[in-house]
Amino acid sequence: MIKAILIFNNHGKPRLSKFYEHYNEDTEQQIIRETFHLVSKRDENVCNFLEGGMLIGGSDYRLIYRHYATLYFVFCVDSSESELGILDLIQVFVETLDKCFENVCELDLIFHVDKVHNILAEMVMGGMVLETNMNEIITQVDSQNKMEKSETFIFQSTRQDR
């Protein structure tokens, strides 16, 4: 099961954090700092799997991550998840973001956080992987966007009629 999904930049600033277990806000911030410290000090040519930090379960959990440009994508999982499967999931997530934002960058994650959460919700819910087919994810996200635009149009039309 996926316990947390974290995205942070090279300086440790969180750009997305999604926890599938309840932690208070201070503990979440400590987990993010500890995870950044564990992941950022590793060389580029080492394995992308490591044991979780003490705050998020120690050796019972693994951190699986990828470093793209200025962003770290980190999934904290328990022993029931496949490391290679999660690496593939990270790749699908990044490619989906890239298609939705046309060359995704850190600013896209900052200014469109709701859209990023929608994409993630199409892939993972409650710590369980729902969908790994990028085309299906994009289709669902596009249909959500169309629905939002139609609702906005309807809302604006009714306001103008008054």
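Bear in mind the structure is a predicted one, so any value in this text is a computation, not a measurement.

## Re the packing of helix 2 (residues 83–101) against helix 4 (residues 113–123)
The N-to-C vectors of helix 2 and helix 4 enclose an angle of 140°; their axes lie 11 Å apart at closest approach. On the basis of their axis angle, the class for helix 2 and helix 4 is oblique. Judged by the twist between their axes, the crossing of helix 2 over helix 4 is right-handed. On the side of helix 2, the interface is formed by Leu89, Val92, Phe93, Thr96, Leu97, Cys100 and Phe101, while helix 4 contributes Lys115, Val116, Ile119, Leu120 and Met123.

## Observations regarding the sheet that holds strand 1 (residues 2–9)
Pairing within the open sheet is antiparallel, and its 5 strands lie in the order 2-1-5-4-3. Only two strands of the sheet have a single partner each, and these edge strands are strand 2 (14–19) and strand 3 (49–51). Geometrically, the sheet is characterised by an average inter-axis angle of 20° between neighbouring strands, direction not taken into account. Relative to strand 2, strand 1 is paired through 5 bridges, and the arrangement is antiparallel. Residue Ile7 lies in a different strand from strand 2, and its bridge partner there is Leu16. Strands in contact with helix 1 (residues 25–40) are strand 1, strand 2, strand 3, strand 4 (61–68) and strand 5 (71–78); relative to strand 1, the strand with the most contacts, it is inclined by about 70°. Against the sheet, helix 4 engages strand 1 and strand 2, with an angle of about 40° to strand 2.

What counts and how
- Residues numbered from 1 in each chain as written.
- Predicted model: local features only at pLDDT ≥ 70, side-chain atom pairs only at ≥ 80, totals over all residues.
- Heavy atoms only, no water.
- Axes fitted to C-alpha atoms, helices over the stretch in contact; angles between N-to-C directions.
- Helix = DSSP H or I, 4+ residues; strand = E, 2+ residues; numbered from the N terminus.
- Parallel < 35°, antiparallel > 145°, perpendicular 65-115°, else oblique.
- Left-handed = near helix turned anticlockwise from the far one by under 90°.
- Contact = heavy atoms within 4.5 Å.
- Pairing = 2+ DSSP bridges.

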